[in-house]
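The primary structure of each chain is shown beneath.
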Amino acid sequence: MNKSVEFYPRKEISIEGIKIDTLINDSFIYSGYGSWVVFNDSLTLLDKRLDSAYVFSDELIHHSTHLGKGDGPNLLTSIILEHTNMGDYLVILGANYDFNLINKNWQIEKRGQLDFYHEKIPFKELEKNPKPQNIGIYGLLYEHLKLGHDFQGNLVFSIAATHPDLNYFWHETYYKEARILGKINPNDGKVSIHGRFSPIYHQYKFLSTLIGAPFSYLEANTYIQGYEADSILYKLNDAGEVYYAFGVAGKEMNTDFENFRPQDYEEYDAVWDLDRDRLSYYYSLDYIKETGLLFRVYTKSNPLVDGLQIYRDDTLIGDVEVPKDFLFVGYKAPYYYGEFKYRVDKEEDSIKLLRFEIPEN
């Protein structure tokens, strides 16, 4: 990410606001912790405690239940961490670094395991002399985990290294040399590592509470890389080369970022909570191939609302308000869908799903 590239902050606002409807189902009972996905042209709630998938109608009427936790042929063996649609499959990534490819009949056609250790570098060597190109020092970045795919049959996901001698807590070189994305072919699960932090992380040196790096593939050889602390969006080819940059800063954002190098993990956790509440950052990036729109959600300093940016052809066409803790879910014509970020202190019994349309422009 050291290569100089032209930056085009193009803005042609044609969407001034969106009307968001809230769908509610008060009668269906589930564990209270889940996430929505549009799969097989249906609205589906993934229960992250019970590993179940609940399929609903467009009006949020429950139709069927699938999957579950266990050792059977179509059951999941670990807690659901993340998911993505990949062609005709729903892919679920589990807490045991397991991945599951599920077809439209809710059958698990393929299971596998992320393999971070296929380089066969001895553990003692990794322990004593970690290098940023060593795959074995990385693992899933749980706090900012995204799962996607590259339109070539490969899964892509967020990674980080927490090695005592090379990590984002205490080592400035991490932000210059560490990789941020992992990639696998589901046929073997062998992880390759890709991507770097953007120049703003070199400038600040220790933005340790803002290391999320959302991404979204546009096609087989092009993806957009974003960063929580960076208003710029970077367009890269599949070799990881940046060839274009665009993006416009959000509104009402507190970007008074500070270097933070914690004394220990306890201090990090304490400041993490403070920073995630007081600072503003860009935390998701989703491209909808059917409509050609790119959505970026960010937090505002405003305690009541967050922001949703809408891009078409690398040009900002809308920057609208959305409810606090809004998460983008996906698209099922003619609606786009969203949900609320899970918070332990705001767990509800009722099921809610947000729905909105984008005006023709």
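Each remark here, short or long, concerns the structure printed above.
Quick look at the structure, then. These numbers were taken from a predicted model, which means no experiment stands behind them.

Definitions and cut-offs
Residues numbered from 1 in each chain as written. Predicted model: local features only at pLDDT ≥ 70, side-chain atom pairs only at ≥ 80, totals over all residues. Heavy atoms only, no water. Pairing = 2+ DSSP bridges. Helix = DSSP H or I, 4+ residues; strand = E, 2+ residues; numbered from the N terminus. Axes fitted to C-alpha atoms, helices over the stretch in contact; angles between N-to-C directions. Patch = residues over 30% accessible without salt bridge, like charges linked within 9 Å, V, L, I, M, F, W, Y side chains within 5 Å. Areas by Shrake-Rupley, 256 points an atom, 1.4 Å probe, with all protein chains shown as cover. Salt bridge = Lys/Arg side-chain N within 4 Å of Asp/Glu carboxyl O. Lys, Arg positive; Asp, Glu negative; His and termini not counted. Charge placed at Lys NZ, Arg CZ, Asp CG, Glu CD. Polar contact = N/O pair within 3.5 Å; in protein donor to acceptor, adjacent residues only side chain to side chain. Phe/Tyr/Trp six-rings, centres within 6.5 Å; stacked < 30°, edge-to-face > 60°. Buried < 20%, exposed > 50% of the residue type's maximum accessible area, 1.4 Å probe, protein only. Contact = heavy atoms within 4.5 Å. Expected span 1.5 Å × (residues − 1). Arc of directions from axis to C-beta. Core = buried A, V, L, I, M, F, W, Y, C linked by side-chain atoms within 4.5 Å.

Turning our eyes to something else, we now look at the sheet that holds strand β7 (residues 62-67). On the basis of which strands lie adjacent, the open sheet formed by 4 strands has the order β4-β5-β6-β7 and antiparallel pairing. Strands with a single pairing partner mark the edges of an open sheet, and in this sheet they are β4 (34-39) and β7. Shown here is a sheet whose adjacent strand axes are inclined to one another by a mean of 25°, direction ignored. Note: strand β6 (residues 52-56) against β7, 5 bridges, orientation antiparallel. Considered in β7, the bridge of Ser-52 is made with Leu-67.

A cluster of acidic side chains, namely Glu-143, Asp-264, Glu-266, Glu-267, Asp-269, Asp-273 and Asp-277, defines a negative patch on the protein surface. Turning to its location among the elements, Asp-269 is positioned in helix α4 (residues 265-278).

The subject of this paragraph is the environment of His-202. Its place among the elements puts His-202 in helix α3 (residues 199-204). Here the alpha-carbon distance between His-202 and Glu-172, two residues 30 residues apart in the chain, equals 8.2 Å. A polar atom in the side chain of His-202 sits 3.1 Å from the backbone oxygen of Tyr-175.

Our focus in this paragraph is the packing of aromatic side chains. For the structure on display, the rule yields 39 aromatic pairs. Summarising the aromatic geometry, the rings of Phe-28 and Phe-56 are spaced 5.4 Å apart at their centres and angled 80° between planes, so their arrangement reads as edge-to-face. Taken together, the residues span a long stretch of sequence, with Phe-28 in the loop between β3 (20-25) and β4 and Phe-56 in strand β6 at a distance of 28 residues. Each member of the pair, Phe-28 as well as Phe-56, carries the same accessibility label: buried. Seen in terms of ring centroids, Tyr-227 and Tyr-234 are 5.9 Å apart; in terms of plane orientation they differ by 75°. Their pairing is edge-to-face.

Spatial ordering of the open sheet is given by β3-β28-β27-β26, a layout of 4 strands whose pairing is antiparallel. The outermost strands of the open sheet, each flanked by one partner alone, are β3 and β26 (326-332). Between one strand axis and the next, the sheet turns through 30° on average, direction left out of account. In the sheet, strand β27 (residues 335-340) pairs with strand β28 (residues 351-356) via 3 bridges, with the strands oriented antiparallel. In the strand pairing of β28, Tyr-337 is matched with Arg-355.

The subject of this paragraph is the side chain of Asn-302. Residue placement: Asn-302 occurs in the loop between β23 (293-298) and β24 (305-312). A distance of 3.5 Å separates polar atoms of two side chains, one belonging to Asn-302 and the other to Glu-252. Among residues more than four places away in sequence, those in contact with Asn-302 are Glu-252 and Lys-324.

Moving on: unusual backbone geometry. Each neighbour pair has its own omega, and for Ala-333 with Pro-334 the value is 5°, a cis peptide bond. We note that Leu-67 has phi near 60°; this positive angle belongs to a residue other than glycine. Mapping Leu-67 onto the fold places it in strand β7. Residues other than glycine seldom take positive phi values, yet Asp-314 does so here, at roughly 65°. By the secondary structure assignment, Asp-314 is in the loop between β24 and β25 (315-323). Under the relative-accessibility criterion, Asp-314 is labelled buried at 14%.

Now for the pattern of salt bridges. A side chain of one charge can pair with a side chain of the opposite charge when the charged atoms of the two come close. Considering all chains together, one arrives at 15 salt bridges under this definition. Between Asp-58 and Lys-332 there is a salt bridge, and its shortest N-O distance comes to 3.1 Å. Of the two residues, Asp-58 sits in the loop between β6 and β7 while Lys-332 sits in strand β26, which places them 274 residues apart along the sequence. On the accessibility criterion, Asp-58 (33% relative accessible area) is partly exposed. Salt bridges here are not isolated pairs; linked through shared partners, they connect Asp-150, Lys-183 and Asp-238.

Moving on, we come to α4. For α4, which comprises 14 residues, the first-to-last C-alpha distance of 20 Å matches the rise-based estimate of 20 Å (1.5 Å per residue) to within 8%. Regarding α4, the residues found buried are Tyr-268, Val-271, Trp-272, Asp-275 and Arg-276. For α4, the angular spread of the buried residues around the axis is 135°, confining them to a single face. Along α4, the residues that are exposed and aim more than 90 degrees away from the buried face are Glu-266, Leu-274 and Asp-277. The residue sitting at the N-terminus of α4 and contributing the capping side-chain oxygen is Asp-264; that oxygen lies 3.2 Å from the backbone nitrogen of Glu-266.

Counting 79 residues, the largest nonpolar core has Leu-114, Phe-157 and Phe-295 as the members making the most contacts within it. For this core, the element with the most residues is strand β14 (residues 155-163), which contributes 6 residues. Counting 14 residues, the second largest nonpolar core, distinct from the first, contains Tyr-30, Tyr-54, Phe-56 and Leu-353.

These figures capture arrangement, not role.
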